[in-house]
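Coordinate analysis (summary)
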Amino acid sequence: ENTVFQAGSISKPAFATVLMKYRQDNALDLDAEVNKLLTSWQLPQHEWTGKEVVSLRRLLSHTAGTTVHGFPGYAAGKVVPSLQQVLDGAEPANTAAVKVDIQPGSRMRYSGGGTTLAQLTLQDVSGEQLPPMAERLLFSPLGMTRSSFKQPISPALADNMATPYSGDGTPVKGGAHTYATLAAAGMWSTPTDMLNMASAVRSAYLDSQTDWISKATAVEILTTNATTDKSPNVGIGFFINMSDEGEILGFGHGGADEGFKSQLYLELDSGNGYAIMTNGNNGTQLIG
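A brief report on the enclosed structure follows. (Residues numbered from 1 in each chain as written. Predicted model: local features only at pLDDT ≥ 70, side-chain atom pairs only at ≥ 80, totals over all residues. Heavy atoms only, no water.)

Along the backbone of the chain there are 10 helices and seven strands. Its C-alpha atoms give the chain principal-axis dimensions of about 50 × 50 × 35 Å. Split into buried and exposed, the 288 residues of the chain put 54% on the buried side. Partitioning the contacts of the chain with sequence separation of at least 6, the portion at a separation of at least 24 is 67%. Accessible surface computed for the chain: about 12,200 Å², of which carbon and sulfur atoms make up 47%. Positive and negative side-chain charges of the chain, numbering 19 and 27 respectively, have mean locations separated by a distance of 4 Å. (Helix = DSSP H or I, 4+ residues; strand = E, 2+ residues; numbered from the N terminus. Buried < 20%, exposed > 50% of the residue type's maximum accessible area, 1.4 Å probe, protein only. Contact = heavy atoms within 4.5 Å. Areas by Shrake-Rupley, 256 points an atom, 1.4 Å probe, with all protein chains shown as cover. Lys, Arg positive; Asp, Glu negative; His and termini not counted. Charge placed at Lys NZ, Arg CZ, Asp CG, Glu CD.)

Considering all chains together, one arrives at one cavity of 30 Å³ or more under this definition. Contributing to the lining of the largest cavity are F71, P72, G73, Y74, V86, N94, T95, Y179, A180 and T181. Grouping the amino acids of the lining of the largest cavity by side-chain chemistry returns six nonpolar, four polar and no charged. (1 Å grid on protein atoms, 1.4 Å probe; cavity = no way out; pocket = protein on both sides within 12 Å on 5 of 7 lines; lining within 4 Å. Points joined across faces, edges and corners; volume = space filled by probe spheres on them. Nonpolar A, V, L, I, M, F, W, Y, C, P; charged D, E, K, R; others polar.)

Across the sheet, five strands lie side by side as β3-β4-β5-β6-β7; this open sheet has antiparallel pairing. The two strands at the open ends of the sheet, each matched to only one other strand, are β3 (233–234) and β7 (273–278). Where strand β5 (residues 248–257) meets strand β6 (residues 260–267), eight bridges bridge the pair, whose relative direction is antiparallel. For G254, the partnering residue across the bridge sits in β6 and is Q263. Here helix α8 (residues 191–205) sits on the sheet and contacts β5, β6 and β7; the angle it forms with β6, its principal contact strand, is near 30 degrees. (Pairing = 2+ DSSP bridges. Axes fitted to C-alpha atoms, helices over the stretch in contact; angles between N-to-C directions.)

Taken as a whole and judged by the stated rule, the model has seven salt bridges. Linking E220 and R23 is a salt bridge whose minimum nitrogen-to-oxygen distance equals 2.6 Å. You can see E220 sitting in helix α9 (residues 215–221) and its partner R23 sitting in helix α1 (residues 11–25), a full 197 residues away along the chain. Since its relative accessible area comes to 23%, R23 is described here as partly exposed. The salt bridge partner of R57 is D31, with a shortest N-O separation of 2.7 Å. Pair noted here: R57 is in helix α2 (residues 56–60) and D31 is in the loop between α1 and α2, with a separation of 26 residues, a long-range link. On the accessibility criterion, R57 (17% relative accessible area) is buried. Among the ionic contacts, a cluster of salt bridges with common partners joins R23, D31, R57 and E220. (Salt bridge = Lys/Arg side-chain N within 4 Å of Asp/Glu carboxyl O.)

Geometric values such as these leave the question of function open.
Here you go:
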């Protein structure tokens, strides 16, 4: 049960909880224009500049209008770009530039590019890189000893890493891909650790745990930022399963990196849930 897998996009709610824990203890405006917070890069002007803000709240709920759905990572031997190169779509990045092409706040569209912009914003504001920040604010407090945002994988976890497999059953050439976009796709974890994280958010939401994040922070994480009353509903990082009456039934996230497929879900009332991590591109079939 200590074998580690790449969590894929389940990295997003993990990153979001790191950001919210940081924000609980430090001044950070979730609704400010990110260009006012960024120091190492600037989001290009767009049609709605000055009219609708691209904020951390919108970036983390996929409502900021940013492009680039996901990231394939970098195979063994490939040069890994900086976050700024990823955002610019500049070599050696293997994805397009991140820009705004629909009105911020108008609708939900999944954007790993937006999460990457949020990561750079948090790093600029805090002056700290994500891996040590996540260790200090999330992994260590919750006893997530088998989780890390270090890419490539840290030596401490490398000896117990699942080998990723392609859809045809052969190992991914060169092993696990390296992800420059840590917040969007770069976390290593185990099912136990991921359930510890989700359970801690639930406990804080239900006011039964106060030594990590506050109830107010947990409520904000699990409050939908959807622009309509139809699903999908996204809070801060997590997708939220809601009843027709607007009650929260549960929350979670899926993940897909090269050779890894994962799913996390927790019921709010009962606390029952599951985390499934697979080391193959056909893993979604097993998860189903």
